[in-house]
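Given next are the chains, with one letter for each unit.
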Amino acid sequence: MDAACWDERYRGSELVWKAEPNRFVAEELAGLKPSGRAMDLAAGEGRNAVWLAERGWEVDAVDFSTVALEKAERLAAERGVRLRTVRADLILWAPPETTYDLVLIAYLHLPWPDMAQVLPRAAAAVRSGGTLLLVGHDAANPEHGYGGPQDPRVLYTAEQVADLWRPYADILRTETRTRPATDTEGNSRTALDALVHAVRR
Ligand SMILES: C[S@@+](CC[C@H](N)C(=O)[O-])C[C@H]1O[C@@H](n2cnc3c(N)ncnc32)[C@H](O)[C@@H]1O
């Protein structure tokens, strides 16, 4: 999906995603002492970026959807925190190197050759000792889970992500995690997410 498609999806006053952070983002990062600059890549409407800002991080929220970033700014204002929003196409844009204490990527799904460009740049943006966290729909999700993109070309495993981060970082966790979900008929389902948590060397 290009930026115009995402803008269309985000238009309207309702949040497409929730205002609360993703459960794995909150679980993985709750114990991390806020210590400087964080960057949320593909931040969308800012649920995770705002949560980080509320915890004391100085947050840059990056996305190529103008509508999403406007909603993220509104959510931040409602919560009494500030975000620096950056409109950029992650396929073309490289964040500044060794600048951030935390880089988060949640549910960014690009064709794998594009992800393979974005992921090393995300790792390079983190300072030594800083944290990298990715959460996304797992490649096994269409067959064994629920929701998310069904096109295998934009899905990945935690191991694929970890392989690209290993040259930069020590990998703390490479997992497939289950997440409760509800289908359109209100039935309980289980989604499969890939999770990688790493610390930059
Ligand atoms: C599924 S949403 C996830 C949003 C947010 N991370 C969250 O968890 O709520 C995916 C986001 O990726 C953004 N995105 C997709 N491709 C992008 C690209 N090439 N450059 C920048 N943002 C992109 C979309 O605009 C969208 O906001």
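One can find the structure itself at the top, above this paragraph.
Residues numbered from 1 in each chain as written. Predicted model: local features only at pLDDT ≥ 70, side-chain atom pairs only at ≥ 80, totals over all residues.

Participant: What is the right way to look at the site of the ligand in this model?
Facilitator: Neighbouring the ligand are 19 residues, the closest being Trp 6, Ala 42, Gly 44, Phe 64 and Ala 106. Residues belonging to the shell around the ligand are distributed by class as follows: 12 nonpolar, four polar and three charged. (Near = placed C-beta within 6 Å. Nonpolar A, V, L, I, M, F, W, Y, C, P; charged D, E, K, R; others polar.)

Participant: It is not clear to me how the sheet that holds strand 7 (residues 188–200) should be interpreted in this structure. Could you clarify?
Facilitator: Through backbone hydrogen bonds, the strands of a sheet pair up, either in parallel or in antiparallel fashion. Pairing is mixed in the open sheet, where seven strands are placed in the order 3-2-1-4-5-7-6. The sheet is open, and its two edges are formed by strand 3 (83–87) and strand 6 (169–182), each paired on a single side. Taken over all neighbouring pairs, the strand axes of this sheet differ in orientation by 15 degrees on average, direction set aside. Taken together, the five bridges between strand 1 (residues 37–41) and strand 2 (residues 58–63) define a ladder with parallel strand orientation. In the sheet register, Met 39 faces strand 2, and the bridge partner there is Asp 60. Strands strand 1, strand 4 (100–106), strand 5 (126–137), strand 6 and strand 7 of the sheet are contacted by helix 5 (residues 112–124), whose axis makes an angle of about 145 degrees with strand 5. (Pairing = 2+ DSSP bridges. Helix = DSSP H or I, 4+ residues; strand = E, 2+ residues; numbered from the N terminus. Axes fitted to C-alpha atoms, helices over the stretch in contact; angles between N-to-C directions. Contact = placed C-beta atoms within 7 Å.)

Participant: What am I meant to see in helix 5 here?
Facilitator: Every α-helix winds through 3.6 residues per turn, so residues three or four apart in the chain are directed the same way. Taking 1.5 Å per residue, 13 residues should reach 18 Å; helix 5 reaches 18 Å between its end C-alpha atoms and fits that length. Taken as a whole, helix 5 has its buried residues at Met 115, Val 118, Leu 119, Ala 122 and Ala 123. Viewed along the axis of helix 5, the buried residues span an arc of 130 degrees, placing them on a single side of the element. Its buried side turned inward, helix 5 meets strand 1, strand 4, strand 5, helix 7 (158–165), strand 6 and strand 7. (Expected span 1.5 Å × (residues − 1). Buried ≥ 20, exposed ≤ 12 C-beta atoms within 10 Å, placed from the backbone. Arc of directions from axis to C-beta.)

Participant: Sorry if this is basic, but what is going on with the packing of helix 1 (residues 3–10) against helix 4 (residues 66–79) here?
Facilitator: When two helices pack together, their arrangement is given by the angle between their axes and by how far apart the axes lie. Between helix 1 and helix 4, whose axes approach to 7 Å, the crossing angle comes to 45 degrees. Comparing their axes, helix 4 and helix 1 come out oblique. Where helix 1 approaches helix 4, its residues Trp 6, Asp 7 and Tyr 10 are matched on the opposing element by Thr 66, Val 67, Ala 68 and Lys 71. Of the residues assigned to the contact of helix 1 with helix 4, the class counts are four nonpolar, one polar and two charged. (Parallel < 35°, antiparallel > 145°, perpendicular 65-115°, else oblique.)

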